[in-house]
Amino acid sequence: MNAPSKYSAIKSLIPELGLKEYWYPVLSAGKVRNKPVGMKILGEDLVFFRGKDGQVVAASNTCPHRGGSLMHGDCHYRGTVACPYHGWVFDEHGECVAVLSEGPESSMPGKAMLRIYPTRTLKNFVFVWMGEGEPSPIEEDVPPEFFEGKDTVLFISVRQWAVNWRIGLENSLDYA
């Protein structure tokens, strides 16, 4: 039997779903309007919506009540996303602020939370921090062109491949 190559030994150390402690480009800010937008990133289902200040917010897509998909909900009130199942409403900080099906007497607001992922919009493109800890400075992960003045124009092309990221990356480097 052949001994594993140096490459396969290194490859086995790379997490299957990707490295979480980085800023990742996810979508054009213009795609997030009056309805929530869903996306799976590194195996996590996220929902994107606008906060009260108009900035794009990223949150866990799963309502903590009964697991409803927030990406199929609504943004009834500025800065919030509501679950389509029972109408639990969450703000940009992840806090449950209302339960529409129970009305103003509901005792749930302030008790349930969504995980919020840090986001930053640069040159109309939204980046999200997928890590567990404090985000690293975004300048460490994002190309310097995203921080240059208004004279710098970026042309961004987005492709979605239904493959494991490691295979996609490995094969996109083949050129001969």
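What you see is a predicted model; the values in this text were computed from it and never measured.

The rules behind each value
- As a convention, each chain's residues are numbered from 1 in the sequence order in which they are written.
- Note on the predicted model: pLDDT of at least 70 is required for a residue's local features to be given, and 80 or more for side-chain atom pairs to be given and counted; whole-chain, interface and lining totals, by contrast, use all residues.
- Side-chain measures here rest on the full set of heavy atoms in the structure, leaving out hydrogens and waters.
- In short, DSSP must find at least two bridges between two strands for them to pair.
- Secondary structure is summarised from DSSP: a helix means a run of H or I of at least four residues, a strand means a run of E of at least two, and numbering begins at the N terminus for each.
- A 1.4 Å probe rolled over the protein chains alone gives each residue an accessible area, and that area as a share of the maximum for its type sets the label: buried under 20%, exposed over 50%, partly exposed in between.
- Charge assignment: positive for Lys and Arg, negative for Asp and Glu; neither His nor the chain ends contribute.
- For this document, the term salt bridge refers to a Lys or Arg side-chain nitrogen within 4 Å of an Asp or Glu carboxyl oxygen.
- For the purposes of these results, a polar contact is taken to be a pair of N or O atoms within 3.5 Å, where, inside protein, one atom must be able to donate a hydrogen and its partner to accept one; residues adjacent in sequence count only when each atom of the pair is a side-chain atom.
- It only takes one pair of heavy atoms within 4.5 Å for two residues to be counted as in contact.
- Between the rings of Phe, Tyr and Trp (Trp by its six-membered ring), a pair exists once the centres lie within 6.5 Å; its type follows the angle of the planes, with under 30 degrees stacked, over 60 edge-to-face, and the other angles tilted.

### Some thoughts on the sheet that holds strand β4 (residues 56-60)
Right, on to step 1. Across the sheet, 4 strands lie side by side as β2-β3-β4-β8; this open sheet has antiparallel pairing. A single partner strand is all that each edge strand has here, and the edge strands are β2 (37-41) and β8 (116-117).
Right, on to step 2. Sheet topology note: the strand β3 (residues 44-50)/β4 ladder contains 5 bridges and is antiparallel. Paired with F49 across the bridge in β4 is V57.

### A few points about the side chain of D91
Right, on to step 1. Topologically, D91 is positioned in strand β6 (residues 88-91).
Right, on to step 2. Despite being buried, D91 has no salt bridge partner; K52 is the closest side chain of opposite charge, sitting 6.7 Å away.
Right, on to step 3. Here the side chain of D91 touches H93 through a polar contact of 2.9 Å, landing on its backbone nitrogen.
Right, on to step 4. Ignoring sequence-local partners within four residues, the contact set of D91 consists of F49, G79, T80, V97 and I116.

### Re the packing of aromatic side chains
The description of an aromatic ring pair rests on the distance of the ring centres and on the angle between the ring planes.
Right, on to step 1. As enumerated under the stated definition, the model contains 3 aromatic pairs in all.
Right, on to step 2. A ring pair is formed by F125 and F127, whose centres lie 6.1 Å apart and whose planes are at 70°; its orientation type is edge-to-face.
Right, on to step 3. When its relative accessible area of 8% is taken as the criterion, F125 is described as buried.
Right, on to step 4. With relative accessibility at 3%, the residue F127 sits in the buried group.
Right, on to step 5. Of the aromatic side chains, those joined through ring pairs into one cluster are F125, F127 and F146.

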